[in-house]
Amino acid sequence: NVRSLYRTGHLTTVISSLERYQLDITAIQETRWPGQGNLKTDDNWTYFYSGGLAHQGGVGFVVSDKLLPNVKRFEAINDRICYLELKCKWYNLVIINGYAPTEDKSEEIKNEFYERLDAVYDQLSNSKVKILIGDFNFKIGQEPLFSPTIGKNNLHMNSNDNGTRLINFAMTRNMVLSSTTFPHKNIHKQTRVSPDGRTKNQIDHVVVDGRIKRCIMDVRSMRGSSGISDHFIVKTKIRFRLSIKWKERKHLPKR
């Protein structure tokens, strides 16, 4: 969550943080950038954005030129949801970027967001591997009831209303919250610091298709730079492992 890109030089500041941590694809939220489209920067990056009519909300992706040829499609849904489709060797990978309403929003606003998220997810082909990432403004607890969808390495003990909504979304689609499965110090689980500087929460998460849960090598927050924001960068390492069963020769029995 970059809080705003509608300020002079802020996009350059965000890109410098991405270069520092060697991030190839980054999902950003609360860009406050109206309209939809893409923008090529002067330093080997492309910014795909999805916003509304006003300078509120807004989501997007920042992609390095190294992976730009693999971008097959960018779909801007609204100022809270967009997705990027990448062409891989054996299948296509879809990264869905979401910016959920905060906990104090009305039930109507929350229901509208998750209904739209359901529609976007379900219209994608099952043959495509999906990753859901972004600022969902929810806290995930350690309730045994939600295992194995959630792990035991969470910052919080109890889930809030937004957290329960996303857990139900993941459970019905065989997804796993990878951001709760890796053991780290609490400072590397925290993703946002409140304005008082004392309260720290874990509200930015990574939810992956259960088929590739073993391909996620690590998820942790990077505290060194946050792009002039109260959120930390959440870095995910992915290593795809391909099946080798197709190499096995089938020997026919002798008569």
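All chains use their own residue numbering, which begins from 1 and follows the written sequence. Totals for whole chains, interfaces and linings use every residue, but because this is a predicted model, local features are given only for residues with pLDDT of at least 70 and side-chain atom pairs only at 80 or more, for both listing and counting. Hydrogen atoms and water are omitted, and side-chain values are computed over all heavy atoms in the structure.

Asker: Give a description of the packing of helix 2 (residues 107-123) against helix 3 (residues 161-171) that names residues and reports values.
Answerer: Each pair of packed helices can be summarised by the angle the axes make with each other and by the distance between the axes. Between N-to-C directions, angles span 0 to 180 degrees; the directions come from axes that are lines fitted to C-alpha atoms, helices contributing only their stretch in contact. By definition, any uninterrupted DSSP run of H or I lasting at least four residues is a helix, any uninterrupted run of E lasting at least two residues is a strand, and each is numbered from the N terminus. It is the contact of helix 2 with helix 3, at a shortest axis distance of 12 Å, that shows an interaxial angle of 20°. The pairing of helix 2 with helix 3 is recorded here as roughly parallel in orientation. The two elements helix 2 and helix 3 meet at a crossing, and its hand is right-handed. Counting all contacts with helix 2, which are made through Glu107, Lys110, Asn111, Tyr114, Leu117, Asp118 and Tyr121, the residues of helix 3 involved are Asp161, Asn162, Arg165, Leu166 and Phe169. Tallied by class, the residues present in the contact of helix 2 with helix 3 amount to five nonpolar, two polar and five charged. Roughly parallel here means an angle under 35 degrees, roughly antiparallel means over 145, roughly perpendicular means 65 to 115, and every remaining angle is called oblique. Put simply, a crossing is left-handed when the front helix is turned counterclockwise from the back one by less than a right angle, and right-handed when it is turned clockwise. Note on definitions: a residue-residue contact is assigned when non-hydrogen atoms from the two residues lie within 4.5 Å. The residue classification treats Ala, Val, Leu, Ile, Met, Phe, Trp, Tyr, Cys and Pro as nonpolar and Asp, Glu, Lys and Arg as charged. All others, Gly included, are polar.

Asker: Mind laying out helix 2, listing which residues take part and the relevant values?
Answerer: Side chains of residues three or four places apart in an α-helix project in the same direction, reflecting 3.6 residues per turn. Under the 1.5 Å per step criterion, the end-to-end length of helix 2 is 24 Å for 17 residues, consistent within 8% with the ideal 24 Å. Residues of helix 2 that are buried: Lys110, Phe113, Tyr114, Leu117, Val120 and Tyr121. Angularly, the buried residues of helix 2 cover 120° about the axis, an arc narrow enough to put them on a single face. Looking at helix 2, the residues exposed on the side facing more than 90 degrees away from the buried face are Glu108, Glu112, Glu115 and Gln123. Those residues of helix 2 that are buried are in contact with strand 6 (81-87), strand 7 (92-99), strand 8 (129-135), helix 3 and strand 9 (175-177). Helix span, as expected, comes to 1.5 Å for every residue beyond the first. Throughout this description, buried means an accessible area under 20% of the type-specific maximum (1.4 Å probe, protein chains only), exposed means over 50%, and partly exposed covers the range between. To be clear, the arc concerns the directions from the helix axis to the C-beta atoms.

Asker: Quick rundown of the sheet that holds strand 6? Include the residues and the values.
Answerer: Pairing is mixed in the open sheet, where six strands are placed in the order 5-6-7-8-12-9. The sheet terminates laterally at strand 5 (71-76) and strand 9, the two strands that pair on one side only. Shown here is a sheet whose adjacent strand axes are inclined to one another by a mean of 15°, direction ignored. Pairing between strands is defined by DSSP: at least two bridges between the two strands are required. Here seven bridges tie strand 7 to strand 8, and the two strands are oriented parallel to one another. Pairing of Ile95 across the sheet is with Ile131, part of strand 8. On the sheet, helix 2 packs against strand 6, strand 7, strand 8 and strand 9 and is oriented at approximately 20° with respect to strand 6. Taken strand by strand, helix 3 contacts strand 8, strand 9 and strand 12 (204-209), and its axis lies near 140° from that of strand 9.

Asker: Outline the sheet that holds strand 3 (residues 45-50), supporting the account with residue identities and numerical values.
Answerer: On the basis of which strands lie adjacent, the open sheet formed by four strands has the order 1-4-3-2 and antiparallel pairing. For this open sheet the edge positions go to strand 1 (25-29) and strand 2 (36-40), each flanked by a neighbour on one side alone. Neighbour to neighbour, the strand axes of the sheet diverge by 15° on average, direction disregarded. Pairing geometry for strand 1 and strand 4 (residues 59-64), over five bridges, is antiparallel. Bridging from a neighbouring strand, Ile25 pairs with Val63 of strand 4. With respect to the sheet, helix 1 (residues 10-20) is in contact with strand 1, strand 2, strand 3 and strand 4, its orientation differing from that of strand 3 by roughly 120°.

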